[in-house]
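# Tertiary structure, described
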Amino acid sequence: MLKLTCLSVAALAFTAAASNAETLRFGHAYETSEAFHVRSLEAAEEIKERTGGRYEIEIFPASQLGSQAEMNESINLGTLDMGYVSPGLMAEIHAPIQLHLAPFIWRDMDHFNAYPGSDIYKDITAGYEAASGNKILGLTYYGQRHVSSNKAIEKPEDMRGLKLRIPPVPLLTMFADSVGANATPIAFAEVYLALQQGTVDAQENPLPTIKAKKFHEVQSHIALTGHLTDGFFAVVNGDVWSRMSDEDKAVFQDAWTKAASNASADIVAQEAELVQWFRDQGVTVTEPDRAAFAALVEPKWTEGNVGWTTEQVEAIRALGK
């Protein structure tokens, strides 16, 4: 009679699990050097290990699977399993999910960090999940968005008439409209060329993104407006999520909670170092009067059809007080 050692039994079990592994595709728009990608690879490896090889996640960076809008739509349709998704795009299904993108709504990082564990966060994300059928695994800090251009920006008037590239997300026109800039939606992968060719005069992104995408090569100035504190959600297609056991769901949730926390910390650390780095590259970095910008934007938080309620804004503003 054939006798198998414990080691060989374990090896056979892992081989059997691997042969039945479900491969999931995870798409995002960021470079391989960025924290979003690095920490996603770690999460994928942890999931593979903790599920005994039943799940393998292939990470596709740098818009390989399409623009952010296309990947968002693919997740909704089930042709893409997972990805980092802009809340501005998710708002097409549930408008309040983008509330944290309202310009100048956060007092500081402590205020923003209070959001993911709050009741208002749970209420808003549950609304998106109910409306979409998809699952949110976490919110990763993307950074404070600043304006790069080829001229100094010290006050709101300096942005009047400026052709400002924004992501193709309606909410992000709020800042541009408030300061009199001409909001110009352009896909993320096309921004460098648009700046280089003068299709737009300026763009706005966090400092780590400006560096990773090399926008400073075609822009001479960065104004630290900090007008928007950005964060992206890790989203799983609803059909994919419903097929998982409760145990596997817990593994996915735990792995991506860690990824969100670690990537957020990485980005905060990078932001602290990059102001001087850009100056060392010859970029003029200025610190404009943020209060003057904020005063123009704040009335718009509850003006018109913004997609959320005054009560939700008040709940956000009350966090950490």
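Residues numbered from 1 in each chain as written. Predicted model: local features only at pLDDT ≥ 70, side-chain atom pairs only at ≥ 80, totals over all residues. Heavy atoms only, no water.

### Considering the pairing of strand E7 (residues 202-205)
Neither face of E7 is open: one carries Ala 202 and Glu 204, the other Gln 203 and Asn 205, and all of them are buried. Pairing of strand E4 (residues 135-149) with E7, which is carried by three bridges, proceeds in the antiparallel orientation. If you follow His 146 over to E7, its bridge partner there is Asn 205. Here strand E5 (residues 163-166) runs beside E7; their pairing, made up of two bridges, is parallel. The partner of Leu 164 across the bridge, within E7, is Ala 202. (Buried < 20%, exposed > 50% of the residue type's maximum accessible area, 1.4 Å probe, protein only. Helix = DSSP H or I, 4+ residues; strand = E, 2+ residues; numbered from the N terminus. Pairing = 2+ DSSP bridges.)

### Examining the packing of helix H2 (residues 35-50) against helix H11 (residues 246-280)
The description of two helices packed together rests on the angle between their axes and the distance between the axes. One can describe the packing of H2 onto H11 by two numbers: an axis separation of 9 Å at closest approach and a directional angle of 155°. Considered as vectors, H2 and H11 are oriented roughly antiparallel to each other. Like other packed secondary-structure pairs, H2 and H11 cross with a definite hand, here right-handed. Across the interface between the two elements, Ala 35, Phe 36, Arg 39, Ser 40, Glu 42, Ala 43, Glu 46, Ile 47 and Arg 50 of H2 pack against Val 251, Phe 252, Asp 254, Ala 255, Trp 256, Lys 258, Ala 259, Asn 262, Ala 263, Asp 266, Ile 267 and Gln 270 of H11. A class-by-class count of the residues in the contact of H2 with H11 yields eleven nonpolar, three polar and seven charged. (Axes fitted to C-alpha atoms, helices over the stretch in contact; angles between N-to-C directions. Parallel < 35°, antiparallel > 145°, perpendicular 65-115°, else oblique. Left-handed = near helix turned anticlockwise from the far one by under 90°. Contact = heavy atoms within 4.5 Å. Nonpolar A, V, L, I, M, F, W, Y, C, P; charged D, E, K, R; others polar.)

### Regarding the packing of aromatic side chains
Enumeration according to the criterion identifies 19 aromatic pairs in this entry. Each member of the aromatic cluster is reached from another via a ring pair, and the members are Phe 26, Tyr 30, Phe 36, Tyr 84, Tyr 142, Phe 188, Phe 232 and Trp 256. Lying across the ring of Trp 277, Lys 211 places its NZ or CZ 4.6 Å from the centre. (Phe/Tyr/Trp six-rings, centres within 6.5 Å; stacked < 30°, edge-to-face > 60°. Lys NZ or Arg CZ within 6 Å of the ring centre and 35° of its normal.)

### Digging into the nonpolar core
Judged by nonpolar contacts, the single largest core of 81 residues is most densely connected at Ile 57, Met 159 and Trp 256. Filtering out sequence-adjacent residues up to four positions away, Met 159 remains in contact with Val 147, Ile 153, Leu 164, Phe 175, Val 179, Gly 180, Ala 181 and Phe 293. With 16 residues, the next largest nonpolar core counts Val 191, Leu 274, Val 275 and Phe 278 among its residues. (Core = buried A, V, L, I, M, F, W, Y, C linked by side-chain atoms within 4.5 Å.)

### What about the pairing of E5?
Note: E5 against strand E6 (residues 182-185), four bridges, orientation parallel. When the sheet's bridge partners are listed, Ile 166 is paired in E6 with Pro 185. Each parallel crossover has a hand, and the one from E5 via helix H7 (residues 173-179) to E6 is right-handed. (Right-handed = clockwise from strand over helix to strand, strands pointing away.)

### A few points about the confidence of the model for the chain
With 94% of its residues at a pLDDT of at least 70, the chain reaches an overall mean of 93. Between residues 6-17, whose pLDDT stays under 50, and residues either more than four places distant or in other chains, the model counts seven contacts. (pLDDT = per-residue confidence, 0-100.)

### Considerations on the pattern of salt bridges
In this structure the tally under the stated criterion is 15 salt bridges. The closest approach of N and O atoms between Asp 230 and Arg 145, which form a salt bridge, is 2.5 Å. Of the two residues, Asp 230 is situated in strand E8 (residues 221-236) and Arg 145 in strand E4; the sequence distance between them amounts to 85 residues. By the burial criterion, Asp 230 is buried, and Arg 145 matches it. Salt bridges linked by common partners bring Glu 46, Arg 50, Asp 254 and Lys 258 together as one network. (Salt bridge = Lys/Arg side-chain N within 4 Å of Asp/Glu carboxyl O.)

### Quick notes on helix H3 (residues 68-77)
Looking only at H3, the buried set comprises Gln 68, Met 71, Asn 72, Ser 74 and Ile 75. Looking down the long axis of H3, one finds its buried residues gathered within 160° of arc, a one-sided arrangement. Downstream of H3 by a residue or two, Gly 78 has a phi angle that is positive, lying close to 90°. (Arc of directions from axis to C-beta.)

### With respect to the environment of Thr 286
Residue placement: Thr 286 occurs in strand E9 (residues 284-286). Taking the C-alpha atoms as reference points, Thr 286 and Glu 154, 132 residues apart in sequence, are found 7.1 Å from one another. Setting aside chain neighbours within four positions, we find Thr 286 in contact with Ile 153, Glu 154, Ile 222, Ala 223 and Leu 224. From its side chain, Thr 286 meets the backbone oxygen of Ile 153 in a polar contact 3.4 Å long. (Polar contact = N/O pair within 3.5 Å; in protein donor to acceptor, adjacent residues only side chain to side chain.)

### Re the packing of helix H6 (residues 119-132) against helix H13 (residues 310-318)
Their axes nearest at 9 Å, the elements H6 and H13 cross at an angle of 140°. As the angle between them shows, H6 and H13 are arranged oblique. Across from Ile 120, Asp 123 and Ile 124 in H6, the residues of H13 making contact are Gln 312, Ala 315 and Ile 316. When the residues that make up the contact of H6 with H13 are grouped by side-chain class, the tally is four nonpolar, one polar and one charged.

### Examining the environment of Glu 217
Tracing the backbone shows Glu 217 in the loop between helix H9 (207-212) and E8. When the C-alpha atoms of Glu 217 and Arg 107 are compared, they prove to be 31 Å apart, with 110 residues separating the residues in sequence.

### Thoughts on unusual backbone geometry
A positive phi is found at Ser 63, a non-glycine position, where the angle reads about 60°. On the secondary structure map, Ser 63 appears in the loop between strand E2 (55-60) and H3. Look at Phe 104: it is not a glycine, yet its phi comes out positive at around 65°. Relative to the helices and strands, Phe 104 resides in the loop between helix H4 (87-90) and helix H5 (109-113).

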